[in-house]
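Remarks on the overall topology
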Amino acid sequence: MTAAPASGRHRVVVVGAGFAGLQLVQDLKGAGCAITLIDGRNHHLFQPLLYQVATTLLATSEIAWPIRRVLRDRPDVETLLARVTGIDRAGAQVLLDTGDRVPFDTLVLATGARHAYFGHDEWEADAPGLKTLEDATTIRRRLLLAFERAELTPDPAERDANLTFAIIGGGPTGVELAGIVADLAHRVLPREFRHIDTRTARIMLIEAGPRVLPVFAQSLSDYAAAALQRRGVQVLTGRPVTAISDRAVTIGDEAVPCRTVIWAAGVQASPAAEWLGAAADRAGRVMVDADLTLPGDPRIFVLGDTAHVDIDGKPVPGLAPAAKQQGKYAAAVIRARLAGKPAPGPFRYAHQGNLATIGRNAAVIDFGRVRLTGWLAWWIWGIAHIYYLIGVRSRLAVAISWLWSFLSRQNSARLITQRETAPRG
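Structural notes, computed from the coordinates. (Residues numbered from 1 in each chain as written. Predicted model: local features only at pLDDT ≥ 70, side-chain atom pairs only at ≥ 80, totals over all residues. Heavy atoms only, no water.)

Pairing is antiparallel in the open sheet, where three strands are placed in the order β14-β15-β16. Where the open sheet ends on each side, the last strands, each with one partner, are β14 (241-244) and β16 (254-257). Mean inter-strand twist for the sheet, computed between neighbouring axes without regard to direction, equals 20°. Across four bridges, the pairing between strand β15 (residues 248-251) and β16 is antiparallel. Residue pairing in the sheet places Val-249 in a bridge with Val-256 of β16. (Pairing = 2+ DSSP bridges. Helix = DSSP H or I, 4+ residues; strand = E, 2+ residues; numbered from the N terminus. Axes fitted to C-alpha atoms, helices over the stretch in contact; angles between N-to-C directions.)

If you want it as structure tokens, here you go:
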């Protein structure tokens with residue numbers, strides 16, 4: 001048994017230290033529970049800014065925090081660095097890759113999602129997605145090495161292939177990646193190379209659907225596409241990718257020589273539904289009741305990207321504010337149960353708007369009736385993201401990094417350090 005004795009207290013086991021899991025743990029402070037938090041990594045990650053690590057704007061330490069440091073003043077919380085391999089519902093135990101079992105009275109699964117390749121998992125080696133720090137450093141390494149290899153090669157065709165970047169998926173992550181890669185090639189790097197002109201880089205944003213940012217209003221989608229094109233990005237819509245290799249990306253029937261491909265086109269939930277033997281949607285998200293519990297088993301909550309939650313017939317989006325709201329709600333339900341009080345009503349999601357940045361001084365914000373574009377939206381986007389960071393030090397570090405980049409027109413995190421974490425072939 002790895003968990004510390006609960007001394008008769010109600011045992012809450014939380015799997016996943018993302019936005020939902022960490023919010024729930026924080027909101028259970030003082031509730032009298034014995035909490036065990038399990039995660040396969042030792043840090044909480046601010047995923048909305050992960051693409052800025054991948055594109056050299058921020059360092060890894062500016063968007064990730066050791067879980068033990070965040071919870072060091074919580075003696076009621078035990079943290080385990082381990083991976084879950086299954087759930088024994090009958091025995092009320094979580095199975096770990098260490099061979100240990102952690103018993104629970106209440107279980108909270110908030111294990112997030114990974115990128116999905118729509119039946120082409122073989123593409124992952126050549127088109128890494130962006131969900132972890134390892135993904136971000138792999139992408140950053142490949143981006144920077146592409147320019148270095150272009151500088152070295154005497155072959156014009158090979159140089160052009162190294163200076164071609166394909167980003168697949170026109171949602172917020174794809175748009176944000178394309179905008180910053182364009183800024184990197186056209187604004188940051190030109191004076192640093194002697195044999196290539198980085199401004200000749202070809203940056204393609206490829207979307208199978210009819211427009212980028214499909215969850216935004218049409219006018220904001222049109223603005224984003226135009227802003228990307230002004231930055232030198234080729235916006236290719238209605239063009240599905242049919243093949244990817246380490247030499248080319250095939251768009252429809254056209255094979256484009258390309259050495260750097262980034263995947264931002266879809267997500268697949270963690271194996272939580274398999275662990276539970278529960279019903280799931282096509283993306284693997286567990287179908288839950290209105291109180292975010294597993295149908296027929298109120299001991300088990302499923303939150304965040306792991307859960308399929310419908311509100312008024314519409315699924316709750318996989319956004320950080322939604323996950324935090326679910327964590328807060330689930331904590332309130334657990335507190336009510338422990339206190340013998342009536343549980344709050346069904347979960348209600350308060351949508352706080354859609355935001356996406358396109359690059360320096362350009363962003364789009366959709367608050368429903370209020371829609372903003374340009375520099376004002378960019379500043380609001382930045383302030384909103386700084387607000388959600390953990391701790392004064394992190395907020396200050398990110399603000400200083402952004403201010404330095406804005407004033408100097410340079411990105412500070414351009415080190416090629418880590419070895420490949422997603423090797424090709």
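Let us now look at the pairing of strand β25 (residues 354-359). Of all the six residues making up β25, five are buried; the element is thus mostly covered by neighbouring parts of the structure. Alignment of β25 against strand β26 (residues 362-366), held across five bridges, turns out to be antiparallel. Bridge pairing links Thr-357 to Ala-363 in β26. Here β25 folds back onto β26 in antiparallel fashion, the turn holding two residues, of which Asn-361 has a positive phi close to 65°. (Buried < 20%, exposed > 50% of the residue type's maximum accessible area, 1.4 Å probe, protein only.)

Another aspect to go through is the side chain of Thr-250. Note that Thr-250 resides in strand β15. Ignoring any residue separated from it by four or fewer positions in sequence, one finds Thr-250 in contact with Pro-240, Val-241, Thr-242, Ala-243 and Ala-255. (Contact = heavy atoms within 4.5 Å.)

For the structure on display, the rule yields ten aromatic pairs. Seen in terms of ring centroids, Trp-378 and Trp-379 are 5.3 Å apart; in terms of plane orientation they differ by 75°. Their pairing is edge-to-face. Using a relative accessible area of 41% as the deciding quantity, one classes Trp-379 as partly exposed. Here the aromatic residues Tyr-117, Phe-118, Trp-123 and Trp-263 are joined through ring pairs into a cluster of three or more. (Phe/Tyr/Trp six-rings, centres within 6.5 Å; stacked < 30°, edge-to-face > 60°.)

Attention now goes to the environment of Val-235. Along the polypeptide, Val-235 turns up in strand β13 (residues 233-237). Val-235 sits in the buried class, given a relative accessible area of 16%. Sequence-wise, Val-235 and Gly-340 are 105 residues apart; in three dimensions their C-alpha atoms are separated by 56 Å. Ignoring anything within four residues of it in the chain, the contact list for Val-235 reads Leu-205, Val-212, Ala-225, Leu-228 and Gln-229.

This next bit is on helix α7 (residues 218-230). Compared with an ideal rise of 1.5 Å per residue, which puts 13 residues at 18 Å, α7 spans 18 Å between its outermost C-alpha atoms and is within 8% of the ideal. Taken together, the buried positions of α7 are occupied by Leu-220, Ser-221, Ala-224, Ala-225, Ala-227 and Leu-228. Viewed end-on, α7 has its buried residues packed into an arc of 165°, placing them on one side of the element. Structurally, α7 contributes buried residues whose contacts are with α6 (172-188), β12 (202-207), β13, β25, β26 and β27 (371-373). Gly-232 occupies a position one or two residues after α7 and carries a positive phi of about 95°. (Expected span 1.5 Å × (residues − 1). Arc of directions from axis to C-beta.)

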